[in-house]
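Geometric and topological summary
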Amino acid sequence: MKWSLSALGAFEKCPLQYRFRYIDKLPSERGTAANRGVEKHKMFEDVMKGVLPELPSEYSYYNAMLKDLKSQENYAEHKISLKKDWTPCPWEDPEVWFRGILDLKVLGDGSASVYDWKT
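These lines cover the structure that appears in this document, whether it is placed above or below. What you see is a predicted model, and the numbers here were worked out from it, not measured in a lab.

1. Focus on the overall build of the protein chain
Counting its secondary structure elements, the protein chain contains four helices and three strands. The order of helices and strands in the protein chain, counted from the N terminus, is α-α-α-α-β-β-β. Structurally, the protein chain occupies a C-alpha span of about 45 × 40 × 20 Å along its principal axes. Contacts in the protein chain between residues at least 24 apart in sequence constitute 37% of all its contacts with a sequence separation of at least 6.

If you want it as structure tokens, here you go:
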């Protein structure tokens with residue numbers, strides 16, 4: 001069975017909701033809070049990718065952190081997909097077991113730190 005953290009969360013919240021969204025693939029609308037979160041996350045991503053020079057003044061507290069992240073190797077919205085044995089595979093591979101979209105900062109020892117922006 002293919003899964004993601006979002007799908008797992010939906011299943012834990014309501015198995016019927018999971019079925020409608022991930023099995024039956026019925027259309028659904030995002031709520032106001034989710035739309036706000038997606039919009040704010042996009043602003044952070046745009047700063048990380050150099051599309052925006054910095055965040056608007058209401059979020060200026062985060063600009064120093066973003067500047068530090070940008071000075072290191074990082075990947076905003078990096079897609080990762082794995083087979084059941086945890087080996088990487090293409091996103092649409094028929095054997096994919098896990099898909100995730102992560103914000104990563106590569107550390108000096110070859111490991112990575114995952115971060116996310118929440119509002």
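What follows picks up the thread again.
2. Considering the packing of helix 3 (residues 32–48) against helix 4 (residues 63–70)
Put simply, helix 3 and helix 4 touch, their axes get as near as 9 Å, and they point 45 degrees apart. As summarised for this structure, helix 3 and helix 4 are arranged oblique, according to the angle between their axes. Considering how the two elements wind past one another, helix 3 and helix 4 form a crossing that is right-handed. Together, Phe44, Val47 and Met48 of helix 3 and Leu66, Leu69 and Lys70 of helix 4 make up the contact between the two elements. Split by residue class, the contact of helix 3 with helix 4 holds five nonpolar, no polar and one charged.

3. Quick word on the environment of Leu102
Here Leu102 lies in strand 2 (residues 96–106). Using a relative accessible area of 22% as the deciding quantity, one classes Leu102 as partly exposed. The sequence separation of Leu102 and Glu77 amounts to 25 residues, and the corresponding C-alpha distance is 5.2 Å. Sequence-distant contacts of Leu102, defined by excluding residues within four places in its chain, comprise Tyr75, Ala76, Glu77, His78, Ile80 and Val114.

4. Description of the packing of helix 1 (residues 5–13) against helix 2 (residues 15–23)
Between helix 1 and helix 2, the least distance of the axes is 5 Å, while the angle of their chain directions is 140 degrees. Of the possible angle classes, the one that applies to helix 1 and helix 2 is oblique. Mapping the contact onto sequence places Ser6, Ala7, Ala10, Phe11 and Lys13 in helix 1 and Pro15, Gln17, Tyr18 and Tyr22 in helix 2.

Rules of the game
- Residues numbered from 1 in each chain as written.
- Predicted model: local features only at pLDDT ≥ 70, side-chain atom pairs only at ≥ 80, totals over all residues.
- Heavy atoms only, no water.
- Helix = DSSP H or I, 4+ residues; strand = E, 2+ residues; numbered from the N terminus.
- Contact = heavy atoms within 4.5 Å.
- Axes fitted to C-alpha atoms, helices over the stretch in contact; angles between N-to-C directions.
- Parallel < 35°, antiparallel > 145°, perpendicular 65-115°, else oblique.
- Left-handed = near helix turned anticlockwise from the far one by under 90°.
- Nonpolar A, V, L, I, M, F, W, Y, C, P; charged D, E, K, R; others polar.
- Buried < 20%, exposed > 50% of the residue type's maximum accessible area, 1.4 Å probe, protein only.

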